[in-house]
Amino acid sequence: MFYGAMIWDPWLILAQIVCIQSLYYMSLGVFLWVFVGTQVPELTLKYFFNNSLVTGASVVGWSIIAAYIVNALCGAAYVFILVERAKKCLDFTVTLYIIHLILCCLYDGFPTSFLWWFVYVLCVVVTALLGEWLCMRRELKDIPMRSTRLDV
């Protein structure tokens, strides 16, 4: 992608949001299957969106927390790959997690647990900062210049 004058393309932005959201839930499903699937008889949507299951009082709760945190690392990679600009990482990360919050509210009501909010904010921070760091590393790479002079 060229980083010159940017034109506002709402279809590109919408496609990026849909891709990031889809990848986020696919990888969350894999991590929930790995961490939680071995401990419960059936893995359902409640493990994605039920905020009362994010608790420190059970092994399943800690496993859900671990799945969310590991998935935040994957979310940073998705932002890095799909957004490609450090200054846009925070916008796309917050959009990702606001959509997740809305889905959680629709599924189980507004989250009231302190631990759920702590994990949620931690995941937002990890995804945004790691995504920005990865994008900045790519943006700050040296641009190779070819020499036009012949070495004699």
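What you are looking at is a predicted structure, and each value in this text was computed from that prediction instead of being measured. (Residues numbered from 1 in each chain as written. Predicted model: local features only at pLDDT ≥ 70, side-chain atom pairs only at ≥ 80, totals over all residues. Heavy atoms only, no water.)

Points about helix H4 (residues 86–108)
The following threshold applies: Only DSSP runs of H or I with at least four residues qualify as helices, and only runs of E with at least two residues qualify as strands; both kinds are numbered from the N terminus onward. Multiplying 1.5 Å by the helix residue count minus one yields the expected span of that helix. Note on classification: 1.4 Å probe, protein chains only; a residue is buried when its accessible area is under 20% of the maximum for its type, exposed when over 50%, partly exposed between these limits. Whether two residues touch is decided by their heavy atoms; if any such pair falls within 4.5 Å, the residues are in contact.
Taking 1.5 Å per residue, 23 residues should reach 33 Å; H4 reaches 34 Å between its end C-alpha atoms and fits that length. Those residues of H4 that sit buried are Ala86, Cys89, Phe92, Thr93, Leu96, Tyr97, His100, Leu101 and Cys104. Those residues of H4 hidden inside the fold are in contact with helix H1 (10–35), helix H2 (46–49), helix H3 (59–82) and helix H5 (114–139). Immediately beyond the C-terminal end of H4, within one or two residues, lies Gly109, with a positive phi of roughly 90 degrees.

Some details on the nonpolar core
Convention followed: We call a set of buried Ala, Val, Leu, Ile, Met, Phe, Trp, Tyr and Cys residues a nonpolar core when their side-chain atoms join them within 4.5 Å.
Counting 35 residues, the largest nonpolar core has Tyr24, Leu28, Leu32, Ile64, Tyr68 and Tyr97 as the members making the most contacts within it. Looking at this core, the elements with two or more residues in it are H1, H2, H3, H4 and H5. At 8 residues, H3 tops the list of elements feeding residues into this core. Beyond its immediate chain neighbours, meaning those up to four positions away, Tyr24 contacts Tyr68, Asn71, Tyr78, Leu96, Tyr97 and His100.

Some remarks on the UniProt feature "transmembrane region" (unreviewed entry) in the protein
Stated formally: UniProt positions are given in the numbering used here, feature names are shortened, and annotations may be inferred rather than shown by experiment.
Under the UniProt annotation, "transmembrane region" (unreviewed entry) lies at residues 12–36, 56–83, 90–110 and 116–136. Helix makes up 96% of residues 12–36 and strand 0%, with an end-to-end C-alpha separation of 35 Å. With 86% helix and 0% strand, the stretch residues 56–83 has end C-alpha atoms that lie 34 Å from each other.

What to know about the packing of aromatic side chains
Basically, it comes down to this: Stacked, tilted and edge-to-face pairs are distinguished by plane angle, under 30 degrees for stacked and over 60 for edge-to-face with tilted covering the rest, among Phe, Tyr and Trp rings (Trp via its six-membered ring) whose centres lie within 6.5 Å.
By the definition in use, this model includes 13 aromatic pairs. Between Trp116 and Tyr120 the ring centres are 4.6 Å apart and the planes differ by 15 degrees, which places this aromatic pair in the stacked class. Of the two residues, Trp116 and Tyr120 both sit in helix H5, 4 residues apart, roughly one turn of that helix. The buried category is assigned to Trp116, whose relative accessible area is 4%. On the basis of relative accessibility, which here comes to 10%, the residue Tyr120 falls in the buried class.

Some remarks on empty space enclosed by the protein
Over the atoms, a rolling probe the size of a water molecule traces out where space has been left empty. The criterion, for reference: Using a grid of 1 Å spacing that covers the protein atoms alone, one calls a set of points a cavity when a 1.4 Å probe fits there but cannot get out, and a pocket when the set is open and has protein on both sides within 12 Å along at least five of seven lines; lining residues are those with an atom within 4 Å of a point. Grid points are joined across faces, edges and corners, and a volume is the space filled by probe spheres set on the points. Residue polarity is assigned by list, with Asp, Glu, Lys and Arg as charged and Ala, Val, Leu, Ile, Met, Phe, Trp, Tyr, Cys and Pro as nonpolar; anything else, Gly included, falls into the polar class.
With the rule as written, the count across this model stands at 2 cavities of 30 Å³ or more. A volume near 70 Å³ is recorded for the largest cavity. Lining the largest cavity are Tyr24, Val54, Tyr68, Tyr97, His100, Trp116, Val119, Tyr120 and Cys123. Within the residue set of the lining of the largest cavity, elements represented by two or more residues are H4 and H5. Top element by residues in the lining of the largest cavity is H5. It accounts for 4 residues. Partitioned by chemical class, the residues of the lining of the largest cavity number 8 nonpolar, 1 polar and no charged. The space that makes up the second largest cavity amounts to roughly 30 Å³. Lining the second largest cavity, in full, are Ile17, Ile20, Gln21, Phe92, Thr95 and Leu96. Mapped onto the lining of the second largest cavity, the elements with two or more residues apiece are H1 and H4.

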